[in-house]
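Here is what each chain is made of, one letter per residue.
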Amino acid sequence: MLRKSRSTMHVSWWRLLIVIVMFYVASKHGRAMADSEVPQSILQKCHMKPFGCHKPPSGTVEVIHNVPDPETFYRDYIQTSTPILMKGGASHWPAVQEWPGNETYIVEKFGEEVMKVDYRKVWKNDYPKNKRMKIRDYLKIYREEAVYLDSPMGVSSRFYQDMVIPGCLACPGQIDKLTGMNMLYSSGNTSSVLHHDGLDNILTVVSGKKTVLVIHPKYSNQLYINEFTVFPGLAPLDPEEIDLAKYPLVAEVDYTIAEMEGGDMLYVPKYWYHQVRSEGDPNIGFSVWFDQFADPCGEREEAVGNPDLLVAECTAEFLRCVAEQPTEISCKQGPLLPFSEVIAGLPQDIKEGWVQGYSGDMTLVGSVPDKKMASGYTIPVLGLGTARMYQKTYEAVLFALKSGYRMIDTAQSYLHSEESVGRAIRDSGVPRQDIFIITKLAPMFFGFSSTKKSVDMSLEKLGTDYIDLFLIHSPDCEKDVPENDHDAMPFKCPSDNPDASWEDSWKAMEELHQEGKLRSLGVSNFYPKRLEKLVAMAEVPVSLVQNWFDPFIRDEDTRAFCRDHGIVYQGYSTLGTQWAQILDEPTVNPILAHPVLHSFSVSLQASVAKVVLRWAIEKDVVVIPKAATENYILDNLNVLEFDLAEDVMNTIDDVVVSVDVDEEGEPILNDAVVKRMMGLPEEEPQVHIPDFRMPSGHTIPILGLGTAGMMDKTYDLVLFALHAGYRMIDTAQSYMNYHSEEAVGQAIRDSGIPREDIFLITKISPRFFGYDRTIDSIQESLNKLGMDYIDLLLIHDLDCSDPFQKCLPDEPIGTWEDTWKAMEEFHNKGKVRSLGVSNFYPKHLEKLVAMAEVPVSVVQNWFDPFIRDEATREFCKQHGIVYQGYSTLGGMWIDWIYLRKPVERMRNPVFTNKMLAKLSKVWDVSVAHIVLRWAMQKGVVLIPKSVKEEHILNNLQVLEIELDEQSIRAIDESITPVKIDEDGQPSIYEDDEEWKRIVGSVDDREQGEVQEKDESEDQQRTEVVEPVDMELETIFVGSDDGRMYALDGETGQLKWKFTTEEDLGSSAAFSPDGSVVYFGTEDGHVNALRAIDGQVMWRYNTGGAVTCSPTVDPDGTVYVGTLDNQMYAFTPDGKVKWSRDLGGEIWTHPAVGHDGRLVYVGVMVDTNINAFALDSQTGTPAWSFKAGGKIWSSPVLSQDGKYVYFSCQDSHIYTLLADSGSLVRKFDIGEDHEGMDSSPVISREGTLFVGTNGGSVLAVDIRRGRLRWEKMLEGEIMSSPALDNEGYLYIGGVGQLYKLKQNDGSVVWTVPLGEDVWSSPRLDKHGRVFIGSISGPVFCVDRETGKVVWSYETEGPVIAAPLITADHQYVYDYGQGADHTKEEL
């Protein structure tokens, strides 16, 4: 398969996407497809089945048993664009005769050829991982591993010796049309994407069989080719699982089949689609590419538009062009020469344009040898770091070892790291002698004897007899460390030996070296001053120094010292993770976001991490990048298959300016240095923002900053924007809840920018309509702003109908006309320079213009690609009024519109529009840039809001681009705007069809189908040992091994287990009658299983990971959230009742109000509303609330249902009125607790118990807002408490289950459970508590004694809380003590 665009004969595809400008021609038939429906019989039979299920082939590709001469081939097949199967056409090739079954021949003749190998055999809609590999090495693995050699061939490939020019191309005129060749080699069972090659292709089979499904280009729209997700010309379809609900037009596609075997040749004309399935081992083939009509037809394609985006339209134009070409050529067949001779004789320009996978023929990257240390041992140049991995350590290390890593770096100071590393090494199956282990001495063990004891502990935890490299972690210890700072505690000076030093520890390490327990010795965080002392005293040579090293921190002096003394230098934090500990609230990692490194990432088609790591290795630095996810672990390992040219190295050295460090290695930072690192200008930016002249005579900048919804970030963001170059700030009286005017005024004063250089807008709330009230409110705004004058004062709205104006029942008492007269008075006094209005439309503007004595300067209305307000803009144009747009990036669609219309889902159409996304790709800028520039070029003054500094900066860059006419037209013509009435009300409020057109249908088919698959598939997921007797106690619990388990409560014996594709961290819930178990999985499904035997009742694919635990109300409705921000309500039979986008990830279960009217849920976002009460019948928000931090935990209701409590990551517990969302109390637990992810519980006495991320359990008198007690445990408490009626509390912690007394938090007993315990305990009626562990087991513990009754080992971490059959669940007695009044609170 050719992974190149049709336009890439002379330039690579990514560069083309940046350079070429697209224009749009609306296709009248293009997306009438959205209304097409698949016949129900086909949908039921073929949904999520392979392509071809929808209908049988219309026939076979025409077959001939010879290879025609060039003239015949052109006349009958190329010019008529007709596929042809030439049986036996390559049977005379040496490859066909020699290769099948003769790998020895291939290895001996071509073994050193380097090709590109994909690490998958079946196409999915993303790029596969790949690496370069010699043929001899590929042939060793291709039968055992899922690999597929799909590789371009360079001009000097030796394979051409065994290939012969096809007779149909064997004449000079046709040979000059050759563009390249591709090799295909596998063990069979491969499946390609549905695609076209962008070239004429002669697919030739050498060995094995191929089935090729061939499709006419006229079906481009039915294949949704313009909606490509990976690359132009590749259909966005999974050919093995066609989603007919999402892509219904596929059911209309006709196709023919070509069955190929060794020696056959298939001509696939340019732009014909095909899908190739391979069988037989070995399966070998070649694609011979040529481009017959590039010159006459290429320009005609591009006249239609960008061929890389308008694939269907340009393909149709190409076929029309081909039909107009001469029907015959004169080109007599010449000798059938080996391809090696043919290519050698090609003109130089054709050779230079030869299709290649890399620039030039592919070669292997030179291997990087291990480094020899002063101890005589060698160390790999790449390993895995494990700092702060916590509970992820075991899985990451195990995966790394199985992937090929052989060096692991840990430390005594990393919480539970050494134990996890040791267990992973044992479980990996890799021999110990092949693994290089590094660990480090924690300063708390400074001293001779303490060091020796600590090494013995490390050896025991690691499960090894020796450590390859042992380092002193730091030369210094800390005298004062907070007891709850578990990361810092290991660096505390030894309390029993405060004078102990690193020198004492080094002597102990030398003795341990002599004993053979430590093979090599070194230090970390040592710099030349201390290294000189160490080298002078050391009797065992210093083998390695491990220091902070990245493109900013190059540690030149230490590296020079190491070179001079034969010491290996190792870098940590090479990818910039250390900056998060140094910079105050860094918005981005300055390494991974550096523009120069990004540019090399694009040009080299490698991640920034790979570029940086290879740069470090080339600088003779041993690297240990930390990575906890499989993709990053593999990506970092692949750095050894990749190299950097000298000019790239030099550019990084020169352009990425390093940071100076002091003699202790600490970076010397100031504002200028930090700005340079973060890509900010060091001096005050010279940003030129154009302006418009207003009727008042003053000018207004074309771009400014909106502040609506910035909340408590207003000051910081406005100050940042002013320093970045903004000179217009928009605020309003109605933003009073977060003191916007005060914050804006303070930021302006603190910016140091002269007041006269800043354009300040504020708006009068309708609350203050009336002459006198307006006079008072303007003066109050001046006071809040701290200003003598306001540049532009607007009336905010016509009336109080907008809920955000927060008018009181008796407001307003005057009219906007009275207010305008008061504004004119302030203007005449010089306190307001220009006047205008917001949310006014022509009907109102005509009245205003007629009465105004001071001219109307600005109208500020909602404006975006869907709300274009054309009548108002025309009115402004005729009257010389400046038009200003707010919500140009679509914020109104998600922040406000649901208050006017009860809708099923909220989604911002600006950022989901496909045309805007494609333009973003073409121009290589964000969608925000495209939309803002489009609006700016329409003469609209802009005030985009952003709560992220990087977005504020990015929005400024809109001044540096300009869209061409075609792009403007593409937006105008492809997006049909919403109609608005004379009062400015969009038709979407009343017109459901219009709403669906803009935001999307709420039809179940577009939300995702309930996967009621046949029993032959889903029921095979369940393994039943014996059915559950629902009268007996059974435990249902999920594991991250992807399984839901049903276990006997008495014995722990397995009843049944159900297997999914991904992790299962969602806790289960019962249907009201207890017969069905509901839970979510990270493969996106909500699952409903029969409790007795685990058989599937229904499964629904949400499309986003489901870690949230379901909540079921008495009528059987199932409520559950997803990590793609959706909240769902399902009927008991699995139909979607409603769904809603809440703007943030939903991790844990919602709560249902006592009367069933409202569903309460929190979301993982801190920049917007994050606590909701949703109508249980429609999903419409009854109220919403913004807590100061992300909400990971579940809400809990008071026993009378009057109050709902949210524990939050901003270290506050919020008490809200359940029916209105009004804030009753915000209880601050203190920043040192690092927030809460634990869900709270409330006792009958009104005490709220909750765990904190700082490692403590709190008891809060929630009625009075007082802390009753705090118990410090250890680590991060993710588990939620459980209470019993005897006055005890149960909660999981770091490796422990705790039983505490409710009255004072004292520990009754603890039970060790392995690694961290995130699972929440559940109690039964029989004196037992059930809980899971990150280590994998599910435990049953006797509540009285704390002894483990039984445990069941799963194959993954158990984060979910166990579910106990209803009749056996423990019932906590709330008694009468739970009622409390608002006055008490």
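The structure this text deals with has already been given above.
These figures come from a predicted structure and were not determined experimentally.

Each value, and the rule that gives it
- Residues numbered from 1 in each chain as written.
- Predicted model: local features only at pLDDT ≥ 70, side-chain atom pairs only at ≥ 80, totals over all residues.
- Heavy atoms only, no water.
- Core = buried A, V, L, I, M, F, W, Y, C linked by side-chain atoms within 4.5 Å.
- Buried < 20%, exposed > 50% of the residue type's maximum accessible area, 1.4 Å probe, protein only.
- Helix = DSSP H or I, 4+ residues; strand = E, 2+ residues; numbered from the N terminus.
- Contact = heavy atoms within 4.5 Å.
- Patch = residues over 30% accessible without salt bridge, like charges linked within 9 Å, V, L, I, M, F, W, Y side chains within 5 Å.
- Areas by Shrake-Rupley, 256 points an atom, 1.4 Å probe, with all protein chains shown as cover.
- Salt bridge = Lys/Arg side-chain N within 4 Å of Asp/Glu carboxyl O.
- Lys, Arg positive; Asp, Glu negative; His and termini not counted.
- Charge placed at Lys NZ, Arg CZ, Asp CG, Glu CD.
- Phe/Tyr/Trp six-rings, centres within 6.5 Å; stacked < 30°, edge-to-face > 60°.

Asker: Would you explain the nonpolar core in this entry?
Answerer: Nonpolar side chains in soluble globular proteins generally cluster together in the buried interior. Ile700, Leu703, Trp820 and Trp893 are the most contacted members of the largest nonpolar core, which totals 101 residues. The element contributing the most residues to this core is helix α33 (residues 927–936), with eight residues. Ignoring any residue separated from it by four or fewer positions in sequence, one finds Trp820 in contact with Ile795, Leu835, Gly836, Val837, Leu848, Met851, Ala852, Val854 and Val856. In terms of nonpolar packing, the next biggest core, distinct from the first, is built from 91 residues, Ile379, Val542, Phe552 and Val673 among them.

Asker: Explanation requested: a negative patch on the surface in the structure shown.
Answerer: The grouping of Asp487, Asp1228, Glu1231, Asp1232, Glu1234, Glu1270 and Glu1276 at the surface amounts to a negative patch. Tracing the backbone through its elements, the reader meets Glu1276 in the loop between β56 (1266–1272) and β57 (1282–1283). On the basis of relative accessibility, which here comes to 31%, the residue Glu1276 falls in the partly exposed class.

Asker: Can you help me understand the side chain of Ser740 in this one?
Answerer: Structurally, Ser740 is set in helix α25 (residues 740–751). In this structure Ser740 touches Thr707, Thr714, Thr731 and Tyr735, once residues within four positions along its chain are discounted.

Asker: What is the right way to read unusual backbone geometry from this model?
Answerer: The phi torsion of most residues other than glycine is negative, and most of the peptide bonds are trans. The step from Asp281 to Pro282 runs through a cis peptide bond, and the omega angle for that step is -5°. When you line up the elements, Pro282 lands in strand β12 (residues 273–290). Even without being glycine, Asn189 reaches a positive phi, approximately 60°. Note on placement: Asn189 falls in the loop between β7 (178–186) and β8 (190–191). Its relative accessible area of 60% is what places Asn189 among the exposed residues.

Asker: Help me understand the packing of aromatic side chains, please; the structure alone is not making it clear to me.
Answerer: The geometry of two aromatic rings is summed up by the distance between their centres and the angle between their planes. Under the criterion given, the structure shown has 41 aromatic pairs. Ring geometry for Phe1058 and Phe1079: centres 6.1 Å apart, planes at 75°, overall edge-to-face. Taken as a pair, Phe1058 in strand β36 (residues 1054–1059) and Phe1079 in strand β38 (residues 1076–1080) lie far apart in primary sequence, 21 residues in all. Take Phe1058 and Phe1079: they sit in the same class, and that class is buried. In this structure an aromatic cluster arises from ring pairing among Trp93, Trp99, Tyr105, Phe110, Phe159 and Phe286.

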